[in-house]
Amino acid sequence: MQLFALAGAVGAALAYFFDPDNGRKRRKVAVDKAGKYLRQAGQQAQGASGQARALKQKATHLKEQQKPQPDDVTLARKVETEIFRGDEVPKGKINVNVEDGVVYLRGELEQHDLIGDLEAQARKVQGVLAVENLLHVPGEEAPAKPE
């Protein structure tokens with residue numbers, strides 16, 4: 001039964017495409033539409049491969065690559081750039097020194113909680129080995145540098 005249905009469908013398709021009056025036009029339209037669908041499929045495949053390539057690149061470069069240890073002056077400038085970003089940080093009252101990768105923060109701040117925030121920001125900078133926080137609030141004695 002299925003064989004007869006298949007044979008009937010093939011016969012109808014042949015009659016449709018090889019009709020003496022409109023067969024040539026129908027074949028031309030069918031070839032054009034098939035080409036259109038193949039081109040669209042190719043474009044979608046290229047788009048999918050491009051997205052896959054981009055995801056691979058993104059996954060490969062998620063972690064920042066390790067860089068050589070910067071010199072002390074460069075590291076001090078990097079730390080200053082990070083900790084002086086906020087408007088609430090008094091830039092003229094804080095001194096940043098670096099010795100052998102260890103950051104020394106010195107100065108006097110009005111807000112006690114800002115002292116801890118600045119230390120945490122300095123620790124996040126790549127290349128900082130340690131942070132010695134010598135910041136203090138007015139009225140407190142300034143901590144001494146450990147020897």
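Please refer to the structure higher up on the page.
Residues numbered from 1 in each chain as written. Predicted model: local features only at pLDDT ≥ 70, side-chain atom pairs only at ≥ 80, totals over all residues. Heavy atoms only, no water.

(A) Up close: the overall build of the chain. The number of helices and strands found in the chain is four helices and three strands. Helices and strands in the chain line up, N terminus first, as α-α-α-β-β-α-β. A compact globule built from 147 residues would reach a C-alpha radius of gyration of about 15 Å, whereas the chain, at 36 Å, exceeds it by more than 25%. Evaluated residue by residue, the chain yields a buried proportion of 22% over its 147 residues. (Helix = DSSP H or I, 4+ residues; strand = E, 2+ residues; numbered from the N terminus. Rg over C-alpha atoms; globule rule 2.2 N^0.38 Å. Buried < 20%, exposed > 50% of the residue type's maximum accessible area, 1.4 Å probe, protein only.)

(B) Structural detail: the side chain of N133. Assignment of secondary structure puts N133 in strand β3 (residues 130-136). Side-chain polar atoms of N133 contact the side chain of E119, separated by 3.0 Å. A polar contact is formed between the side chain of N133 and the backbone nitrogen of L135, at a distance of 3.1 Å. Those residues in contact with N133 that sit more than four places away from it in its chain are L105, I115, E119 and P143. (Polar contact = N/O pair within 3.5 Å; in protein donor to acceptor, adjacent residues only side chain to side chain. Contact = heavy atoms within 4.5 Å.)

(C) Here's a closer look at the nonpolar core. Among the nonpolar cores identified, the biggest contains 21 residues, and V79, I83, I94, V96, V103, L105 and L118 are the most heavily contacted of them. Those elements giving two or more residues to this core turn out to be α3 (72-83), β1 (94-99), β2 (102-108), α4 (112-124) and β3. Once you skip the residues sitting within four places of it in the chain, V103 turns out to touch V79, V96, N97, V98, V128, A130, V131 and E132. (Core = buried A, V, L, I, M, F, W, Y, C linked by side-chain atoms within 4.5 Å.)

(D) Focus on the pattern of salt bridges. This structure, assessed with the given rule, holds six salt bridges. Between R85 and E82 there is a salt bridge, with the nearest N and O atoms lying 3.2 Å from each other. With a relative accessible area of 32%, E82 lands in the partly exposed category. Across the pair K93 and E110 runs a salt bridge whose closest N-O atoms are separated by 3.9 Å. Taken together, the positions of K93 in the loop between α3 and β1 and E110 in the loop between β2 and α4 put the pair 17 residues apart, joining distant regions of the chain. (Salt bridge = Lys/Arg side-chain N within 4 Å of Asp/Glu carboxyl O.)

(E) Highlighting the pairing of β3. Here β3 lies mainly inside the structure; five of its seven residues are buried. Sheet topology note: the β2/β3 ladder contains seven bridges and is parallel. The residue of β3 that forms the bridge with E108 is H136. (Pairing = 2+ DSSP bridges.)

(F) Structural detail: unusual backbone geometry. Of note in the backbone geometry, D100 takes a positive phi value of approximately 55° without being a glycine. Structurally, the position occupied by D100 is in the loop between β1 and β2.

(G) Highlighting a nonpolar patch on the surface. Together, L3, L6, V10, L14 and F18 make up an exposed nonpolar region whose accessible area comes to about 540 Å². Along the chain, the position of L3 falls in helix α1 (residues 2-17). (Patch = residues over 30% accessible without salt bridge, like charges linked within 9 Å, V, L, I, M, F, W, Y side chains within 5 Å. Areas by Shrake-Rupley, 256 points an atom, 1.4 Å probe, with all protein chains shown as cover.)

(H) Region of interest: the sheet that holds β1. On the basis of which strands lie adjacent, the open sheet formed by three strands has the order β1-β2-β3 and mixed pairing. If you trace the sheet from one side to the other, it starts and ends with β1 and β3, each paired once. Direction aside, the axes of adjacent strands within the sheet are offset by 15° on average. Here β1 runs beside β2; their pairing, made up of six bridges, is antiparallel. Residue pairing in the sheet places N97 in a bridge with Y104 of β2. Of the strands in this sheet, β1 and β2 are in contact with α3, which crosses β1 at around 145°. Packed onto the sheet, α4 meets β1, β2 and β3 and runs at close to 160° relative to β3. (Axes fitted to C-alpha atoms, helices over the stretch in contact; angles between N-to-C directions.)

Note that all results are geometric; they support no functional claim without further evidence.
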